[in-house]
Amino acid sequence: QIWYAIFSTICGGVNGAFSRLGEIRTLGMLRSRFEAIPTAFGKHLVPGHGSQPKRREREKEDKNLHIDKFSDIWNAFIISLRDEDLINNRERDLLIVPSSAGDTSVFQWPPFLLASKIPMALDMAKSVKKRDEELRKRINQDPYTFYAVIECYETLLNILYSLMAETSDKKVVDRIRESLEDSIERQSLVREFRLDELPQLSAKFDKLLTLLLKTEEEHDTTIKTQIANLLQDTMEIITQDIMKNGQGILKDENRDNQLFANLNLDSIKDEAWREK
């Protein structure tokens, strides 16, 4: 028994070393390696295709397929941990891949990978004063920061549009979005927007999203008024404080009636919407 214990310990240690067990020992290491996990998962556990299309097309198709399959397995694994009461609801929500994946142009990674990335991106934007290329380069240094910025922007747009019932309200957001995307395309974002005012906008969005999550009844007039006031404040910050040439947007659309007075809160009980 003694010799068997010694032999099994040595063999187990050597086998574990070759299998690279225990290689990921910290959360930081897990974050840095997580992006490669879907590919490794697909390579070792997902059966290959019978047909052989062009190599580049096949690699792209396989990558998307691996991510989709991996996210299903990963979510089942995290849910099983919650069912066994090994993690709490907040930890589950941080670890799980969002079910709204596919609503944005980038893959939606679990929130724990994107934690603190938006504040980091805001600090980068504040410090860049001259060229868009510098800001783009700094954001692209960390792929998760890039994913977080795109997902945050597109998801917030989706939520804002879902709240608006009037065409005039949607036109305001349309004009802001078009101006923003046009300046990005022309690489004049830093010159045409005061990016050091973005933390103020972030704080307003934080209040708005917190209020929306607390809202239980879509016909509550008090809540509607608070949401409308927050939306008006948010649009004023964007058009007057952040945009250098956006002062006329609210005036043009506010001539006939009060903006954001009529809101659509039908989505507040929808689980997928609340998850966003």
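- If you look the chain up in an unreviewed UniProt entry, it shows as Callose synthase helical domain-containing protein from Aegilops tauschii subsp. strangulata.

**Thoughts on the packing of aromatic side chains**
By convention here, two paired aromatic rings are described through the distance between centres and the angle between planes.
Here is step 1: Taken as a whole and judged by the stated rule, the model has 12 aromatic pairs.
Here is step 2: Ring geometry for F34 against F70: centres 5.9 Å apart, planes inclined by 70°, an arrangement best described as edge-to-face. Within this pair, whereas F34 is found in helix 2 (residues 27-34), its partner F70 is found in helix 4 (residues 55-83), the two being separated by 36 residues in sequence. Residue F34 shares its accessibility class with F70, and that shared class is buried.
Here is step 3: Plain terms: the ring middles of F34 and W109 are 6.1 Å apart, the flat faces sit at 80° to each other, and that makes the pair edge-to-face. With a gap of 75 residues between them, F34 in helix 2 and W109 in the loop between helix 5 (89-95) and helix 6 (111-114) connect regions that are remote in the sequence. You'll find F34 and W109 in the same group, each marked buried.
Here is step 4: The rings of F34, F41, F70, W74, F77, F107, W109, F112, Y144, F146 and Y147 are connected pair by pair, giving a single aromatic cluster.

**Here's the deal with the packing of helix 12 (residues 198-214) against helix 13 (residues 221-242)**
Here is step 1: It is at 10 Å that the axes of helix 12 and helix 13 come closest, and there the two elements cross at 165°. Considered as vectors, helix 12 and helix 13 are oriented roughly antiparallel to each other. Crossing angle aside, the handedness with which helix 12 passes helix 13 is left-handed. In this structure, helix 12 contributes L198, Q200, L201, K204, F205, K207, L208, L211 and L212 to the contact, and helix 13 contributes I223, Q226, I227, L230, L231, D233, T234, I237, I238, D241 and I242.
Here is step 2: For the contact of helix 12 with helix 13, a count of residues per class yields 13 nonpolar, three polar and four charged.

**Re the pattern of salt bridges**
Here is step 1: This structure, assessed with the given rule, holds eight salt bridges.
Here is step 2: One salt bridge connects D142 with K117, and the closest N-O pair in it is separated by 2.6 Å. Of this pair, D142 sits in the loop between helix 8 (132-140) and helix 9 (143-163) while K117 sits in helix 7 (residues 117-127), and the two are 25 residues apart along the sequence. Residues D142 and K117 agree in their burial class; the two are buried.
Here is step 3: For the salt bridge of E181 with R177, the shortest nitrogen-to-oxygen distance reads 3.6 Å. With a gap of four residues between them, E181 and R177 both fall in helix 10 (residues 167-185), about one helical turn apart.
Here is step 4: The partly exposed category is assigned to E181, whose relative accessible area is 35%.

**A few points about helix 8**
Side chains three or four residues apart in an α-helix point the same way, a direct result of the helix having 3.6 residues per turn.
Here is step 1: Residues of helix 8 that are buried: D132, L135 and I139. Along helix 8, the residues classed as buried sweep out an arc of 65° about the axis, all on the same side.
Here is step 2: Looking at the buried side of helix 8, the elements it contacts are helix 7, helix 9, helix 10 and helix 11 (189-192).

**Some words on the side chain of E151**
Here is step 1: Mapped onto the fold, E151 is located in helix 9.
Here is step 2: No salt bridge is formed by the buried E151; its nearest oppositely charged neighbour, K276, is found at 9.9 Å.
Here is step 3: Separated by 3.1 Å, the side chains of E151 and Q108 make a polar contact.
Here is step 4: When residues no more than four places from it in sequence are discounted, the contact partners of E151 are T104, V106, Q108, W109 and L114.

**Notes on the packing of helix 7 against helix 9**
Here is step 1: With their axes 9 Å apart at the nearest point, helix 7 and helix 9 run at an angle of 95° to one another. Considered as vectors, helix 7 and helix 9 are oriented roughly perpendicular to each other. Counting all contacts with helix 7, which are made through K117, I118, M120 and A121, the residues of helix 9 involved are Y144, T145, A148, V149 and C152.
Here is step 2: Here the contact of helix 7 with helix 9 is built from residues that sort into seven nonpolar, one polar and one charged.

**What to know about the nonpolar core**
Here is step 1: If you look at the biggest cluster of nonpolar residues, it comprises 43 residues, and the most contacted ones within it are L135, L195, L208, I227 and M235.
Here is step 2: Contributions of two or more residues to this core are made by helix 7, helix 8, helix 9, helix 10, helix 11, helix 12, helix 13 and helix 14 (247-253).
Here is step 3: Ranked by the residues each element gives to this core, the list is headed by helix 13, at nine residues.
Here is step 4: Setting aside its immediate chain neighbours within four residues, L195 contacts A125, K126, L135, L189 and V190.
Here is step 5: Formed by 19 residues, the second largest nonpolar core is a distinct cluster that contains V97, W109, F112 and Y147.

Basis of the calculations
Residues numbered from 1 in each chain as written. Predicted model: local features only at pLDDT ≥ 70, side-chain atom pairs only at ≥ 80, totals over all residues. Heavy atoms only, no water. Phe/Tyr/Trp six-rings, centres within 6.5 Å; stacked < 30°, edge-to-face > 60°. Helix = DSSP H or I, 4+ residues; strand = E, 2+ residues; numbered from the N terminus. Buried < 20%, exposed > 50% of the residue type's maximum accessible area, 1.4 Å probe, protein only. Axes fitted to C-alpha atoms, helices over the stretch in contact; angles between N-to-C directions. Parallel < 35°, antiparallel > 145°, perpendicular 65-115°, else oblique. Left-handed = near helix turned anticlockwise from the far one by under 90°. Contact = heavy atoms within 4.5 Å. Nonpolar A, V, L, I, M, F, W, Y, C, P; charged D, E, K, R; others polar. Salt bridge = Lys/Arg side-chain N within 4 Å of Asp/Glu carboxyl O. Arc of directions from axis to C-beta. Lys, Arg positive; Asp, Glu negative; His and termini not counted. Polar contact = N/O pair within 3.5 Å; in protein donor to acceptor, adjacent residues only side chain to side chain. Core = buried A, V, L, I, M, F, W, Y, C linked by side-chain atoms within 4.5 Å.

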